[in-house]
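Residues per chain, in single letters:
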Amino acid sequence: QVQLVESGGGLVQPGGSLRLSCVASGNIFRINYMGWYRQAPGKQRELVAAISSGSDTNIADSVKGRFTISRDNAKNTLYLQMSSLKPEDTAVYYCNADRVLDTTGRYLEVWGQGTLVTVSS
């Protein structure tokens, strides 16, 4: 079993910064892809940023230049550094791990429970 736990969400003023973290734990052999998704009220979940085990990244146009994704493979930890935050960035942010190879040889996709980011004055 593999779990993802996010942290770092909260209330921030427009123009401010936040750093989200996501720690993966359990019977992990390797995590190939990790990413951050977000879902605003009344909207579909959308990809914010993703990163491969080799650190290739895919960043949504809406956050490019403001958000940075990174990971520490040794710690199975994913980060999202968010700056110049806007009210439209308000959403629940979910951590995702895909093509997770566990110690039994199975490939899994895992989601975290989400962390709320609110950008408001």
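Residues numbered from 1 in each chain as written. Predicted model: local features only at pLDDT ≥ 70, side-chain atom pairs only at ≥ 80, totals over all residues. Heavy atoms only, no water.

Asks: Got a minute to help me understand the nonpolar core in this structure?
Replies: Where a protein is soluble and globular, its nonpolar side chains tend to be buried together. One finds Met34, Trp36, Leu80, Met82 and Tyr93 to be the most contacted residues of the largest nonpolar core, which totals 32 residues. Elements with a minimum of two residues in this core: β1 (2-7), β3 (18-26), β4 (28-39), β5 (46-52), β7 (67-72), β8 (77-82), β9 (91-102) and β11 (115-119). Looking at this core element by element, the count peaks at 5 residues for β9. Residues within four places of Met82 in sequence aside, it is in contact with Gly16, Ser17, Leu18, Leu20, Arg66, Phe67, Tyr93 and Val117. (Core = buried A, V, L, I, M, F, W, Y, C linked by side-chain atoms within 4.5 Å. Buried < 20%, exposed > 50% of the residue type's maximum accessible area, 1.4 Å probe, protein only. Helix = DSSP H or I, 4+ residues; strand = E, 2+ residues; numbered from the N terminus. Contact = heavy atoms within 4.5 Å.)

Asks: Just checking my understanding: could you explain the packing of aromatic side chains for this structure?
Replies: In this description, a pair of aromatic rings is defined by centroid distance and the angle of the planes. Taken as a whole, this structure holds 1 aromatic pair when the rule is applied. The side chain of Arg45 reaches across the aromatic face of Tyr94, ending 3.8 Å from its centre. The positively charged end of Arg99 is found above the aromatic ring belonging to Tyr107, 3.9 Å away from the centroid. (Phe/Tyr/Trp six-rings, centres within 6.5 Å; stacked < 30°, edge-to-face > 60°. Lys NZ or Arg CZ within 6 Å of the ring centre and 35° of its normal.)

Asks: Can you walk me through the state of the cysteines in this structure?
Replies: Each disulfide is one covalent bond, formed between the sulfur atoms of two cysteines. Counted by the stated rule, this structure contains 1 disulfide. The disulfide bridge from Cys22 ends at Cys95, spanning 2.0 Å between sulfur atoms. On the S-S bond that ties Cys22 to Cys95, the torsion sits near -80 degrees, and the link is left-handed. You can see Cys22 sitting in strand β3 and its partner Cys95 sitting in strand β9, a full 73 residues away along the chain. (Disulfide = S-S within 2.5 Å.)

Asks: Would you explain the pattern of salt bridges in this entry?
Replies: Once the charged atoms of two side chains with opposite charge are near each other, the side chains can pair. The full count for this structure, using the stated rule, is 5 salt bridges. Where Asp61 meets Lys64, a salt bridge forms, and the shortest distance between an N and an O atom there is 3.1 Å. Lys64 carries the same exposure label as Asp61, and that label is exposed. One salt bridge in this structure joins Asp102 and Arg106, with 3.0 Å as the shortest N-O distance. Members of the salt-bridge network, linked through shared partners, are Arg38, Glu46, Arg66 and Asp89. (Salt bridge = Lys/Arg side-chain N within 4 Å of Asp/Glu carboxyl O.)

Asks: Mind showing me how you'd approach the environment of Ser70 here?
Replies: Tracing the sequence through the fold places Ser70 in strand β7. Sequence separation of Ser70 and Thr57 is 13 residues, and the distance between their C-alpha atoms is 8.5 Å.

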